[in-house]
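Descriptive structure summary
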Amino acid sequence: MNEDAVLVLADGATFEGEAIGAHAAVTTGEVVFNTALSGYQEIVTDPSYAGQVIAFTYPHIGNYGVNAADDESRRPFCSGVIVRDLARRASNWRAERSLDDLLRAHDVPGIAGIDTRRLTRHLRDHGALPGAFGTDEGAVRAAAASARTTDGLDLVASVTTDDAYAVGDERAPFRVVAYDFGIKRTILRHLVGAGCRVDVVPASTPAAEVLARDPDGVFLSNGPGDPAPVAGAIEAVRGLVGEVPVFGICLGHQILGLALGGATYKLRFGHHGANHPVRHEASGRVEITSQNHNYAVDADSLAGRAELTHVNLNDGVVEGMRVVDAAAFGVQYHPEAGPGPHDARYLFDDFVALMTEPGRAGAVG
């Protein structure tokens with residue numbers, strides 16, 4: 001029998017449950033909900049959740065266990081996990097251990113038995129909120145009152161690689177430098193599959209060092225939190241646009257927008273899930289996409305510098321753009337879909353096409 005635990009949001013909303021994962025008297029973080037029906041291991045190990053507590057809306061989590069092959073990073077970076085019902089035993093032949101085992105192994109606390117429908121409705125109505133959970137109710141309430149959001153924090157510094165490394169065949173036709181703002185392993189597999197040798201570099205790498213590697217293209221990865229305070233990233237990307245083809249996703253897309261002189265803003269409760277409809281503006285085609293972000297690019301702030309290529313059909317948020325006078329583009333969602341649908345995989349081919357014809361600024365138009 002697990003210990004009783006309590007979740008308290010910054011506005012005082014309280015939810016009772018039981019402790020799972022690593023033991024913690026109190027844990028804090030920004031609470032967000034994810035609507036994906038599967039892929040919980042990839043979600044938990046996505047570095048983009050640094051500083052956040054993930055609340056799964058799907059009621060049964062952990063059913064098929066976890067295995068090392070499906071990890072998206074070297075360890076989970078999320079602050080914690082919230083579920084309705086946690087499966088104690090795995091029912092899949094690929095399972096190597098349970099989700100609870102994964103959380104315990106990496107010192108990630110969680111809370112189960114929560115009314116996640118009520119929690120999701122609360123976050124939907126009031127926006128993503130910081131909060132706290134744990135087994136010491138007094139400490140939890142005190143921590144929740146002072147818990148902070150991800151605004152203004154450089155969370156990328158806590159997830160990026162310390163040293164550069166390479167993946168893929170040395171003989172691959174394209175050499176790409178990928179900024180690790182919190183890069184997922186599935187992204188690297190797609191870049192390699194598209195014919196790229198990928199040099200992954202730390203988030204703080206200056207543009208001059210990247211250009212010295214003589215890349216055919218530069219990839220700006222996903223990552224956690226607020227794009228504005230990421231140390232050195234905006235300046236670096238500003239020095240790369242126009243010099244080499246650039247492709248950014250998620251946080252990389254936002255940093256590209258800031259580098260162009262645009263602005264970003266925080267969404268009410270963010271986009272976290274694997275079923276977000278996005279319209280490709282040129283063709284009218286609708287893609288079902290995987291998303292994980294709390295910030296977005298302000299389209300009006302990029303007038304004259306970038307053109308809108310994709311839009312979210314739920315709320316009209318900018319989902320894609322291309323630079324009008326340089327070989328650079330970005331999308332807000334995750335074309336690698338780990339987890340999620342595969343509708344947007346073509347974007348990796350568009351990136352290759354941009355590297356094949358460096359002057360082709362309209363690759364995703």
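Scroll up to find the structure.
Below, the structure is looked at part by part. Since this is a predicted model, take the numbers as computed values, not measurements.

Re the nonpolar core
Membership of the largest hydrophobic core comes to 32 residues, with the highest contact counts inside it found for Tyr179, Phe181, Val218, Leu220, Leu240 and Ile255. Contributing elements (two or more residues each) for this core: β11 (174-180), α6 (207-212), β13 (217-220), α7 (233-238), α8 (251-259) and β18 (318-323). Once residues lying within four places of it in the same chain are set aside, the contact partners of Ile255 are Phe181, Pro227, Val230, Ala233, Ile234 and Val237. Val176, Cys250, Phe329 and Tyr333 belong to the second-largest nonpolar core, a separate cluster that totals 27 residues.

Re the sheet that holds strand β9 (residues 129-134)
Spatially, 7 strands are ordered β1-β2-β8-β6-β4-β3-β9 in a closed barrel, and the strand pairing comes out mixed. For this sheet the average axis-to-axis angle between neighbouring strands, irrespective of direction, equals 35°. Here strand β4 (residues 52-56) pairs with strand β6 (residues 80-82) via 3 bridges, running parallel. Counted as the bridge partner of Ala55 is Ile82 from β6. Across the sheet, helix α3 (residues 116-126) touches β1 (4-9), β2 (14-21), β3 (27-34), β4, β6 and β9, and the angle it forms with β3 is around 90°.

Quick notes on the side chain of His272
Assignment of secondary structure puts His272 in strand β15 (residues 264-280). Within the structure, the side chain of His272 is placed 2.7 Å from the side chain of Asn292, a separation counted as a polar contact. Ignoring any residue separated from it by four or fewer positions in sequence, one finds His272 in contact with Val32, Phe33, Asn34, Thr35, Tyr49, Gln52, Gln291, Asn292, His293 and Asn294.

Comments concerning the packing of aromatic side chains
Counted by the stated rule, this structure contains 7 aromatic pairs. Aromatic side chains Phe33 and Phe269 sit 5.5 Å apart centroid to centroid with 35° between the ring planes, which places their arrangement in the tilted category. Within this pair, whereas Phe33 is found in strand β3, its partner Phe269 is found in strand β15, the two being separated by 236 residues in sequence. For Phe33, a relative accessible area of 10% gives the class buried. Looking at Phe269, the relative accessible area reads 27%, which means it is partly exposed. Taking 5.4 Å as the distance between ring centres and 55° as the angle between the ring planes, the aromatic pair formed by Phe247 and Phe351 counts as tilted. Of this pair, Phe247 sits in strand β14 (residues 246-249) while Phe351 sits in helix α9 (residues 346-356), placing them 104 residues apart in sequence. For Phe247, a relative accessible area of 0% gives the class buried.

Regarding the pattern of salt bridges
Where side chains of opposite charge bring their charged atoms close, a pairing between them can arise. Under the defined criterion, the tally for this structure stands at 18 salt bridges. Among the ionic pairs, Glu18 bridges to Arg88, the shortest N-O distance being 2.8 Å. Within this pair, whereas Glu18 is found in strand β2, its partner Arg88 is found in the loop between β7 (85-86) and α2 (99-105), the two being separated by 70 residues in sequence. Overall, the relative accessible area of 43% leaves Arg88 in the partly exposed class.

Digging into the sheet that holds β14
Taken together, the 10 strands give an open sheet; going across it, the order is β10-β12-β11-β13-β14-β19-β18-β17-β15-β16, and neighbouring strands pair in mixed fashion. The sheet is open, and its two edges are formed by β10 (165-167) and β16 (286-297), each paired on a single side. Across this sheet, the average inter-strand angle for adjacent strands is 25°, counted without regard to direction. Relative to β14, β13 is paired through 3 bridges, and the arrangement is parallel. Bridged to Val218 within β14 is Val246. On the sheet, helix α5 (residues 185-193) packs against β10, β12 (196-202), β13 and β14 and is oriented at approximately 145° with respect to β12.

Cut-offs used in this document
- Residues numbered from 1 in each chain as written.
- Predicted model: local features only at pLDDT ≥ 70, side-chain atom pairs only at ≥ 80, totals over all residues.
- Heavy atoms only, no water.
- Core = buried A, V, L, I, M, F, W, Y, C linked by side-chain atoms within 4.5 Å.
- Buried < 20%, exposed > 50% of the residue type's maximum accessible area, 1.4 Å probe, protein only.
- Helix = DSSP H or I, 4+ residues; strand = E, 2+ residues; numbered from the N terminus.
- Contact = heavy atoms within 4.5 Å.
- Pairing = 2+ DSSP bridges.
- Axes fitted to C-alpha atoms, helices over the stretch in contact; angles between N-to-C directions.
- Polar contact = N/O pair within 3.5 Å; in protein donor to acceptor, adjacent residues only side chain to side chain.
- Phe/Tyr/Trp six-rings, centres within 6.5 Å; stacked < 30°, edge-to-face > 60°.
- Salt bridge = Lys/Arg side-chain N within 4 Å of Asp/Glu carboxyl O.

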